[in-house]
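# A structural walkthrough
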Amino acid sequence: MILPLTNFADNFTGRETNKKYYFIDNGIIGLLTTDCLSSQFENMVALVLLRKYGIDDKVYFYNYNIEVDFVVPENELAIQACYVLGDETGETYRRETQALIKLSKRLPYHDLVIVTYNEEREIEVDGKCITVVPAWKWLIGA
């Protein structure tokens, strides 16, 4: 019923004890909370990544002074799942883009992506390019 992701930044003990969990059925989230849209959105992205890359230590999350929803080290891919990103004046925009930029300075990740409900654009920050893609388009390519 649930699929665990481990923290790529943790040591072995942390990877085994501090996991992030996603439901196999997105409808379960609706049973557990009343404000579930963003949780269901992130869960959907997790399920697609786990289906594409497998559940055997291919997809992680990253949490060490910054939080990035998903990293796929083998593909140098980092993904934030964000229902509504907004513009550069908003807190969500700053949090999501800064996390990806900080991660790309720590690890050699070149594919930085923010999956949103319906926003699409390229963002240039500190010489790094972040692709913002609507979920429908990302799902077609996944």
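### Quick word on the overall build of the protein
- Helix and strand content of the protein: five helices and eight strands.
- Listing every helix and strand of the protein by position from the N terminus yields β-α-β-α-α-β-β-β-α-β-β-β-α.
- A compact globule built from 142 residues should have a C-alpha radius of gyration of about 14 Å, and the protein, at 15 Å, falls within 12% of that.
- If one aligns the C-alpha atoms of the protein with their principal axes, the spans along those axes are about 40 × 35 × 30 Å.
- Considering the protein as a whole, with its 142 residues, one finds that 41% of them fall into the buried category.
- Excluding contacts between residues fewer than 6 apart, the proportion of contacts in the protein whose partners are at least 24 apart in sequence is 49%.
- A total of about 7,900 Å² of accessible surface is found on the protein, and carbon and sulfur atoms cover 52% of it.
- Within the protein, the 21 negative side-chain charges are centred at a point lying 3 Å from the centre of the 14 positive side-chain charges.

### Remarks on the nonpolar core
- Membership of the largest hydrophobic core comes to 22 residues, with the highest contact counts inside it found for V45, F70, I79, V115 and W138.
- Counting only elements with at least two residues in this core, the list comes to β1 (2-6), α3 (37-53), β4 (67-72), β5 (77-81), β6 (111-116) and α5 (135-141).
- Of the residues forming this core, the biggest block, seven residues, is contributed by α3.
- Contacts of W138, omitting those with residues within four sequence positions, involve V45, V48, L49, I79, V115 and V133.

### So, the layout of surface pockets
- Considering only enclosed or pocket space, the largest pocket measures out at about 310 Å³ in volume.
- Lining the largest pocket are 17 residues, and of these D69, Q80, A81, R95 and E96 lie nearest its centre.
- Contributing elements (two or more residues each) for the lining of the largest pocket: α3, β4, β5 and α4 (91-106).
- Its residues placed into classes, the lining of the largest pocket shows six nonpolar, five polar and six charged.

### Focus: the pattern of salt bridges
- Summed over the entire model, instances satisfying the criterion amount to nine salt bridges.
- When the shortest N-O distance is used, the salt bridge between E96 and R95 registers 3.5 Å.

### A short note on α4
- In this model, α4 (16 residues) spans 23 Å end to end at C-alpha, consistent with the 22 Å of a helix rising 1.5 Å per residue.
- Those residues of α4 not exposed but buried are Y93, E96, T97, A99, L100, I101, L103 and S104.
- Turning to α4, the residues buried within the fold contact β3 (60-63), β4, β5, β6, β7 (121-125) and β8 (128-134).

### Describing the packing of aromatic side chains
- All chains considered together, the criterion is met by four aromatic pairs.
- Relative to Y117, the ring of Y83 lies with its centre 4.9 Å away and its plane at 25°, an arrangement referred to as stacked. Taken together, the residues span a long stretch of sequence, with Y83 in the loop between β5 and α4 and Y117 in the loop between β6 and β7 at a distance of 34 residues.
- An aromatic cluster is built from F41, Y83 and Y117, whose rings are joined through pairwise contacts.

### A word on unusual backbone geometry
- In this structure, D57 is a non-glycine residue whose phi angle is positive, near 50°.
- Summarising the element assignment, D57 is placed in the loop between α3 and β3.

### What to know about the environment of I66
- Mapping I66 onto the fold places it in the loop between β3 and β4.
- With relative accessibility at 8%, the residue I66 sits in the buried group.
- Each C-alpha atom, one on I66 and one on N18, is 15 Å from the other, the two residues being 48 residues apart in sequence.
- When residues no more than four places from it in sequence are discounted, the contact partners of I66 are A99, K102, L103 and R106.

Quick notes on the rules
Residues numbered from 1 in each chain as written. Predicted model: local features only at pLDDT ≥ 70, side-chain atom pairs only at ≥ 80, totals over all residues. Heavy atoms only, no water. Helix = DSSP H or I, 4+ residues; strand = E, 2+ residues; numbered from the N terminus. Rg over C-alpha atoms; globule rule 2.2 N^0.38 Å. Buried < 20%, exposed > 50% of the residue type's maximum accessible area, 1.4 Å probe, protein only. Contact = heavy atoms within 4.5 Å. Areas by Shrake-Rupley, 256 points an atom, 1.4 Å probe, with all protein chains shown as cover. Lys, Arg positive; Asp, Glu negative; His and termini not counted. Charge placed at Lys NZ, Arg CZ, Asp CG, Glu CD. Core = buried A, V, L, I, M, F, W, Y, C linked by side-chain atoms within 4.5 Å. 1 Å grid on protein atoms, 1.4 Å probe; cavity = no way out; pocket = protein on both sides within 12 Å on 5 of 7 lines; lining within 4 Å. Points joined across faces, edges and corners; volume = space filled by probe spheres on them. Nonpolar A, V, L, I, M, F, W, Y, C, P; charged D, E, K, R; others polar. Salt bridge = Lys/Arg side-chain N within 4 Å of Asp/Glu carboxyl O. Expected span 1.5 Å × (residues − 1). Phe/Tyr/Trp six-rings, centres within 6.5 Å; stacked < 30°, edge-to-face > 60°.

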